[in-house]
Amino acid sequence: MEAVHGFNGHSLAVFLHIVLFAYWLGGDVGVYYASRYILRSDLGPEARAVSTKIMHGVDIAPRVSLVLFLPSGITLMAAGPLGDAFFVKGWLLVLVWVCGLAWLAVSLIDYRGGDTPIAGFSQKADLLVRYALSIGLVAVAIYTMVATDPFGVDTNPKWLGAKVAAYGLCIFCGVMIRRQLVPFGPAFGKLVTAGSTPEVEKAILGSIRRCEPWVYGIWTLVLVAALLGVVKPGSTAF
């Protein structure tokens, strides 16, 4: 079966998926670049504080992209040339987007921060969703890759299972980055209020350095997911 071309639901779904890929990876690179200036002890606290604001501002792109990537991917499958055989469509697809946008709202409230009860609840809820999705998606992906006809699909969708696994692992890497950044806030607060000390610099450097393997992991997994989505190795659907 040939892919659908022209201005239609499938092409719009492909366009959205590509845009999310671009903003996810591009935004992550921007956050990483800004963090290099935070590590520079030769810069004053004011300059490094500006870098943290830039890093926080740019982080909105990968944060939104990661969340919307899931409903976007499901929409891409439903709107594609094999969508008639896909069980998530109609009101179920609408429900997927409602849940995705609800998660996005919770994530954005967490992003804004603050000491309000809603901010605290959103942080816990966002982490809970991310843990659940990372475990659930990887489990579904493993089943898809090892089963003969997973979920009744007989077109060898192992490439899709691998792509889902990459996405689930991206979510997990993001959670681990948050864990490694826990000491960063108090240490940077001391830098701004009391100035640089060896202890403060060590805490800032250690926190960001511990994040780097997880950041590199996200970059690799995003590229792997993109490659799998384009090549679809082993698929017999086309």
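Residues numbered from 1 in each chain as written. Predicted model: local features only at pLDDT ≥ 70, side-chain atom pairs only at ≥ 80, totals over all residues. Heavy atoms only, no water.

Student: Residue-level account of the overall build of the protein chain, with values.
Tutor: When you go through the protein chain residue by residue, the secondary structure sums to eight helices and zero strands. Mapped from its N terminus to its C terminus, the protein chain presents α and β elements in the order α-α-α-α-α-α-α-α. With respect to the three principal axes, the spread of C-alpha positions in the protein chain is 65 × 35 × 35 Å. Across the 238 residues that make up the protein chain, the buried fraction comes to 40%. Here the protein chain has roughly 13000 Å² of accessible surface; of this, 73% comes from carbon and sulfur atoms. (Helix = DSSP H or I, 4+ residues; strand = E, 2+ residues; numbered from the N terminus. Buried < 20%, exposed > 50% of the residue type's maximum accessible area, 1.4 Å probe, protein only. Areas by Shrake-Rupley, 256 points an atom, 1.4 Å probe, with all protein chains shown as cover.)

Student: A description of the UniProt feature "transmembrane region" (unreviewed entry) in the protein chain should follow, citing residues and the corresponding values.
Tutor: This chain's UniProt record puts "transmembrane region" (unreviewed entry) on residues 12–39, 86–106, 127–147, 159–177 and 214–231. Here residues 127–147 is 95% helix and 0% strand, with 30 Å between the C-alpha atoms at its ends. This span, residues 159–177, is 100% helix and 0% strand, and a straight line between its end C-alpha atoms measures 27 Å. (UniProt positions renumbered as here; feature names shortened; annotations may be inferred.)

Student: So what about the pattern of salt bridges? Which residues, and what values?
Tutor: Should their charged atoms come close, side chains of opposite charge can pair. Per the stated rule, a full pass over the model turns up nine salt bridges. Between arginine 40 and aspartate 42 there is a salt bridge, with the nearest N and O atoms lying 2.9 Å from each other. Judged by relative accessible area, which is 34%, arginine 40 ranks as partly exposed. A relative accessible area of 58% means that aspartate 42 is categorised as exposed. Aspartate 126 is the partner of arginine 178 in a salt bridge, and the nearest nitrogen-oxygen pair spans 2.7 Å. Of the two residues, arginine 178 is situated in helix α6 (residues 158–180) and aspartate 126 in helix α5 (residues 117–146); the sequence distance between them amounts to 52 residues. (Salt bridge = Lys/Arg side-chain N within 4 Å of Asp/Glu carboxyl O.)

Student: Which residues make up the side chain of threonine 52, and what values do they have?
Tutor: Along the chain, threonine 52 turns up in helix α2 (residues 45–58). If near-sequence neighbours (up to four positions away) are discounted, threonine 52 is found in contact with Ile38, Phe184 and Phe188. (Contact = heavy atoms within 4.5 Å.)

Student: Describe unusual backbone geometry, and please don't skip the residues or the numbers.
Tutor: For lysine 232, which is not glycine, the phi dihedral falls at a positive 50 degrees. Secondary-structure assignment places lysine 232 in the segment after α8 (198–231).

Student: A description of a nonpolar patch on the surface should follow, citing residues and the corresponding values.
Tutor: Residues Trp91, Val94, Leu95 and Val98 make up a contiguous nonpolar surface patch of about 440 Å² in total accessible area. Considering the arrangement of structural elements, one finds valine 98 in helix α4 (residues 91–112). Judged by its relative accessible area of 49%, valine 98 is partly exposed. (Patch = residues over 30% accessible without salt bridge, like charges linked within 9 Å, V, L, I, M, F, W, Y side chains within 5 Å.)

Student: Give a detailed account of the state of the cysteines, specifying residues and quantitative values.
Tutor: Using the criterion set out here, one finds zero disulfides in the structure. In this structure cysteine 170 is a free cysteine whose sulfur lies 6.3 Å from that of cysteine 173, the closest cysteine sulfur available. Cysteine 211 carries a free sulfur, and the closest cysteine sulfur to it, the one in cysteine 173, is 11 Å from it. (Disulfide = S-S within 2.5 Å.)

Student: Break down the nonpolar core for me, with residues and values.
Tutor: By size, the foremost hydrophobic cluster in this structure holds 23 residues, and its most contacted members are Trp24, Leu66, Tyr167 and Ile218. Of all the secondary structure elements, the ones that give two or more residues to this core are α1 (9–38), α3 (60–79), α4, α6 and α8. No other element matches α8, which puts seven residues into this core. The residues contacting isoleucine 218, other than those within four sequence positions of it, are Trp24, Asp28, Cys170, Cys173, Gly174 and Ile177. (Core = buried A, V, L, I, M, F, W, Y, C linked by side-chain atoms within 4.5 Å.)

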